[in-house]
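# A closer look at the structure
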Amino acid sequence: MINSGAVDAGKAMARQLTRVLYGDDFEREHGLWRRFAADGLFRDRPDATDAERLALAYDRLRAVNAAIDSPAGLAADPRGVAALHEWLGPIDPSFTTVAGIHYNLFLGSLLDHDAAADGDPGAVERDLTDFLTLRRIGTFLCTEVAHGNDAVALETTATYDRARDGFVLHTPHAGAQKFMPNTSTTGGAKSGVVAARLLVDGTDHGVFLFLAPLTDGSRTLPGVRVRLLSERFGSPLDHCVTSFDRVFVGRDALLGGVRGRLGRVDGDGAFSSAENNRRRRFLASIGRVTAGKLSMSAGALGGARVALALAVRYGGHRMISGPRAVERVPVFAHRSHHGPLAGGLATLFAMTLLHRTAVDAWETRTEANRGETERLVAVAKGWITWRAREIIVECRERCGAQGLLERNGMTELLANIEGAITAEGDNTAIYAKAAAELLFSARAPERATGSARPGTDDPGPVPAPGHTDGVSPEWYDAGHLGDLLVAVEQLWLDRARRRMARAPQGDPLSRWNAASGAALRAVEAHAYRRAAEAYTAAERRLREREPELEPETELETELKTEPLGAEPGSGAGSDDGCGSGSGAGAGDGCGAGSALGPLRSLHRLFALQWIDRNSGDLLAHALLTPRLVDEIPEVIERLIAELATYAPTLVESFALPEEMLADRPISGAGYTDAYDDPEGGWAVPETPPRCAGCRRTPPSVPPLSDRFRVVHRLLRFINTLRNLPY
């Protein structure tokens, strides 16, 4: 018999966790994209060819453009473009790629650098109607065959022509061809924002952006040469190499920034700029790449979220032989199966919270902190996309051979995360830049102690007497865990600085090579530390809201997701819904249905798994004792045991539309039906109905809740045998 109180508590917990993941204004930021994810427009077309899938991506772009209130408003809203990637990227990465290029890189660049936007008396307002209505689709041509992460050195030229008062775009050699833009005639007429080196009277003024028409929908325009690249790993897209043979564009094609701040060429051919540094001019010109990093992070989050949802659901209804000959248990019941997924859930929450932190920081940046904010966005992009790949690989393995079938979606998720790792700045390259900045920064990371200790404004959970059950209370102190994360980052930075100091002077490359390994590890540690801080902030916000939690909100009405069927919260192993009696929230006052306990346990598992990887360094520097190091695996095991029982509720908090998951056969308990053969020897011949309109009742499939209750009972039994709190 299902305990309705436990179900209600589980739903309340899922609602709270959804708010933790998506923020307080779900409808404004995510509602539209979630509805698209559930809409028939975005249903899977398993029999479509690559050409049909590519054409469909552009059709979807037009449908979305017609449905949104303001295409210009979306282009001016990096948060909105990121949410588009988060929800629709796992369904159609081809669509999100062309949408991200059009709205962010193309339209966003035009809006950011509109010389008429701030009343420049010499500027003419640019007519964007064709781009806002998609009569022309926008693309972005920056990287070249010979220049990727060093795009500041690209070689396409834009030479000022005095006689015609405009610029001549030209590709001087094969290495200067624009590499991989979606410039084919597929999808309709296209224009591009082209990064080119501005030459005036023989003087090189650095790289700027220029607006140029490329195709008319059926052919390329004179002087523009477009050739399709070979098929790439991942979803189909019309990636091309594109070159220019003395293509003329008018003087207003130069995107010189508001009031020509970045650069302008007047009617007499005189160049001027308020920014003297050519590199800074270039980085300002391509500033939309930073917003693109947020979109890459968001798409990776969406992919990892879908992979975990599929793996947890499949693990709950894939039945295998149990301890007794006649017993069948879900594969999820095994620690070897649910342990990696619990770790993945903890990491996914950390990824999401770090992404929200980066988006907030980017939206509220100032000129004073712009560099630090750009570094946070870049580090988050690298760390999130790499962690997403790890999660997707793990989920694919947990789904066995089913995970290898394209129909189940895992392989496409994995293929497309590779693109996100490289797009908008290769991860290793952006990590290297961040490493150099951290290495030469005089400011050390701040310790958590004093801001997350009991008795302050943000206390960590205080274990009740006897609840630590033989392990040190430090492991339940968020401030202590935060201090260890700070220490790991500082240890790697110190190691990198020592190695650099020992390298020969006068050879910058040798000095960097000596330090780079440790410096890159420091960036990774920096990301883990920032993600843990985002967890702490989320716990604080949730604690502040708990007194006002309502039984049902507009958010739940909007979601209307089918529950996974388990009794959410019933397997929490604690009467108060706050985690296990091992101290993960015990004694802190949270009640039934509270998400605070599970959130804290996710936080601790995330932090401890990283601390465990670095425990040797922490021990060597006397920051941990041998006894504490020995306790880490035990505490991790307890957290995994607790979080495994929360897994269905955690997945429900993702708020993924059932229509979206239903495209993947392994998401349902009746996944074997996808392989049914009406002509197989087991098929029962159809018998005529005895009365008009009668139909045979199909065999019932045990609900997922029954299967997860088996998991719950088995985990409780195992923990009892191990004498662990539950």
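This text gives an overview of the structure that appears in the document. All values reported here derive from a predicted model rather than from experimental measurement.

Another aspect to go through is the overall build of the chain. Looking only at helices and strands, the chain features 21 helices and 14 strands. Split into buried and exposed, the 726 residues of the chain put 56% on the buried side. As displayed, the chain has an accessible area near 30300 Å², and 52% of this comes from carbon and sulfur atoms.

A word on the side chain of serine 235. With respect to the helices, strands and loops of the structure, serine 235 is situated in the loop between strand 7 (224-228) and strand 8 (240-244). A polar atom in the side chain of serine 235 sits 3.0 Å from the side chain of asparagine 416.

The side chains of a regular strand alternate, residue by residue, between the two faces of the sheet. Of all five residues that make up strand 8, five are buried, and the element is covered over most of its length. The two faces of strand 8 match: Cys240, Thr242 and Phe244 on one face and Val241 and Ser243 on the other face are all buried. Inspection of the sheet shows strand 7 paired to strand 8 by five bridges, in the antiparallel sense. Its bridge partner being in strand 8, arginine 227 is matched across the sheet by valine 241.

Turning to the nonpolar core, a few remarks are in order. Of all hydrophobic cores here, the largest spans 160 residues; its most connected members are Trp33, Leu88, Trp383 and Phe654. Looking at this core element by element, the count peaks at 15 residues for helix 9 (residues 288-317). By size, the runner-up hydrophobic cluster in this structure holds 22 residues, among which are Leu198, Phe208, Val249 and Phe271.

The final tally for this structure, using the stated rule, is 17 aromatic pairs. Geometrically, the ring pair formed by phenylalanine 26 and tryptophan 87 is edge-to-face, given 6.0 Å between the ring centres and 85° between the ring planes. You can see phenylalanine 26 sitting in helix 2 (residues 26-38) and its partner tryptophan 87 sitting in helix 5 (residues 78-88), a full 61 residues away along the chain. Judged by its relative accessible area of 4%, phenylalanine 26 falls in the buried class. Classification of tryptophan 87 as buried rests on a relative accessible area of 1%. Ring geometry for tryptophan 383 and tyrosine 528: centres 5.2 Å apart, planes at 80°, overall edge-to-face.

What follows concerns unusual backbone geometry. You will see that leucine 134, though not glycine, has its phi angle at about 65°, which is positive. Position of leucine 134 relative to the elements: it lies in the loop between helix 7 (129-132) and strand 1 (137-141). Even without glycine at this site, aspartate 201 takes up a positive phi of about 50°.

Quick look at the side chain of glutamate 144 now. Relative to the helices and strands, glutamate 144 resides in the loop between strand 1 and strand 2 (157-161). The exposure class of glutamate 144 is buried, given its relative accessible area of 2%. Once residues lying within four places of it in the same chain are set aside, the contact partners of glutamate 144 are Leu154, Glu155, Thr156, Gly175, Ala176, Gln177, Lys178 and Phe179.

With respect to the secondary-structure elements, isoleucine 430 resides in helix 13 (residues 427-439). Dropping the residues within four chain positions of it, isoleucine 430 is found in contact with Lys293, Ala378, Lys381, Gly382 and Gly425.

Attention now goes to the pattern of salt bridges. Summed over the entire model, instances satisfying the criterion amount to 47 salt bridges. Between arginine 389 and glutamate 418 there is a salt bridge; the shortest N-O distance is 2.9 Å. Remark: glutamate 418 occurs in helix 12 (residues 410-422) and arginine 389 occurs in helix 11 (residues 370-398); sequence separation between them is 29 residues. Under the relative-accessibility criterion, arginine 389 is labelled partly exposed at 27%. Its relative accessible area of 26% is what places glutamate 418 among the partly exposed residues. Three or more residues joined by partner-sharing salt bridges are found here, namely Glu29, Arg79, Asp360 and Glu363.

With that settled, consider the sheet that holds strand 4 (residues 178-179). Ordered in space as 4-8-7, the three strands form an open sheet in which the pairing is antiparallel. At either end of the open sheet lies a strand with only one pairing partner, and these are strand 4 and strand 7. Pairing between strand 4 and strand 8: two bridges, direction antiparallel. Bridge pairing links lysine 178 to threonine 242 in strand 8.

An α-helix turns once every 3.6 residues. As a result, residues three or four positions apart point the same way. The end-to-end C-alpha distance of helix 13 is 18 Å, a good match for the 18 Å that 13 residues give at a rise of 1.5 Å each. If you check which residues of helix 13 are buried, you get Asn427, Ile430, Tyr431, Ala434, Ala435, Leu438 and Leu439. Of the surrounding secondary structure, the elements contacted by the buried residues of helix 13 are helix 9, helix 11, helix 12, helix 14 (478-502) and helix 15 (508-545). With a side-chain oxygen lying 3.1 Å from the backbone nitrogen of threonine 428, the N-terminal cap of helix 13 falls on aspartate 426.

For arginine 43, the position within the fold is in the loop between helix 2 and helix 3 (50-67). You can call arginine 43 buried: its relative accessible area is 16%. With 616 residues separating them along the chain, arginine 43 and glutamate 659 place their C-alpha atoms 7.9 Å apart. Aside from chain neighbours lying at most four places away, what touches arginine 43 is Ala37, Ala38, Arg60, Ile91, Glu659, Met660 and Asp663. A distance of 2.6 Å separates a polar side-chain atom of arginine 43 from the backbone oxygen of aspartate 39.

A word on the state of the cysteines. Applying the stated rule across the entire model yields zero disulfides. Its sulfur unpaired, cysteine 399 is 6.8 Å from the next cysteine sulfur, which belongs to cysteine 395.

Bringing the packing of helix 9 against helix 10 (residues 335-363) into the picture now. At a closest axis distance of 10 Å, the pairing of helix 9 and helix 10 adopts a crossing angle of 155°. By the angle class used here, helix 9 and helix 10 are roughly antiparallel. The element helix 9 and its partner helix 10 pack so that their crossing is left-handed. Contact residues: Thr290, Ala291, Leu294, Ser297, Ala298, Leu301, Ala304, Arg305, Leu308, Ala311, Val312 and Gly315 in helix 9; His337, Leu341, Gly344, Leu345, Leu348, Met351, Thr352, His355, Arg356, Ala358, Val359 and Trp362 in helix 10. Its residues assigned to classes, the contact of helix 9 with helix 10 shows 15 nonpolar, seven polar and two charged.

Okay, a negative patch on the surface next. Taken together, the side chains of Asp673, Asp676, Asp677 and Glu679 define an acidic patch exposed on the protein surface. Take glutamate 679: it is sitting in the loop between helix 20 (658-662) and helix 21 (704-721). With relative accessibility at 75%, the residue glutamate 679 sits in the exposed group.

Over its 30 residues, helix 9 extends 44 Å from the first C-alpha to the last, a length consistent with the 44 Å expected when each residue adds 1.5 Å. Counting buried positions along helix 9 gives 29 out of 30 residues, so the element sits mostly inside the fold.

Of all 11 residues making up strand 5 (residues 190-200), 10 are buried, and the element is well covered by its neighbours. Across five bridges, strand 1 lies against strand 5 in parallel orientation. Paired with leucine 141 across the strands is valine 194, a residue of strand 5. Bridging between strand 2 and strand 5 involves three bridges; their strand directions are parallel. Within strand 5, the residue paired with alanine 158 across the bridge is leucine 198. Judged from the 10 bridges that link them, strand 5 and strand 6 (residues 203-215) form a sheet pairing that is antiparallel. When the bridges of strand 6 are listed, alanine 196 appears paired with phenylalanine 208. Between strand 5 and strand 6, which follow one another and run antiparallel, lie two residues, and aspartate 201 among them has a positive phi close to 50°.

Definitions and limits used
- Residues numbered from 1 in each chain as written.
- Predicted model: local features only at pLDDT ≥ 70, side-chain atom pairs only at ≥ 80, totals over all residues.
- Heavy atoms only, no water.
- Helix = DSSP H or I, 4+ residues; strand = E, 2+ residues; numbered from the N terminus.
- Buried < 20%, exposed > 50% of the residue type's maximum accessible area, 1.4 Å probe, protein only.
- Areas by Shrake-Rupley, 256 points an atom, 1.4 Å probe, with all protein chains shown as cover.
- Polar contact = N/O pair within 3.5 Å; in protein donor to acceptor, adjacent residues only side chain to side chain.
- Pairing = 2+ DSSP bridges.
- Core = buried A, V, L, I, M, F, W, Y, C linked by side-chain atoms within 4.5 Å.
- Phe/Tyr/Trp six-rings, centres within 6.5 Å; stacked < 30°, edge-to-face > 60°.
- Contact = heavy atoms within 4.5 Å.
- Salt bridge = Lys/Arg side-chain N within 4 Å of Asp/Glu carboxyl O.
- Expected span 1.5 Å × (residues − 1).
- Disulfide = S-S within 2.5 Å.
- Axes fitted to C-alpha atoms, helices over the stretch in contact; angles between N-to-C directions.
- Parallel < 35°, antiparallel > 145°, perpendicular 65-115°, else oblique.
- Left-handed = near helix turned anticlockwise from the far one by under 90°.
- Nonpolar A, V, L, I, M, F, W, Y, C, P; charged D, E, K, R; others polar.
- Patch = residues over 30% accessible without salt bridge, like charges linked within 9 Å, V, L, I, M, F, W, Y side chains within 5 Å.
- Lys, Arg positive; Asp, Glu negative; His and termini not counted.
- Charge placed at Lys NZ, Arg CZ, Asp CG, Glu CD.

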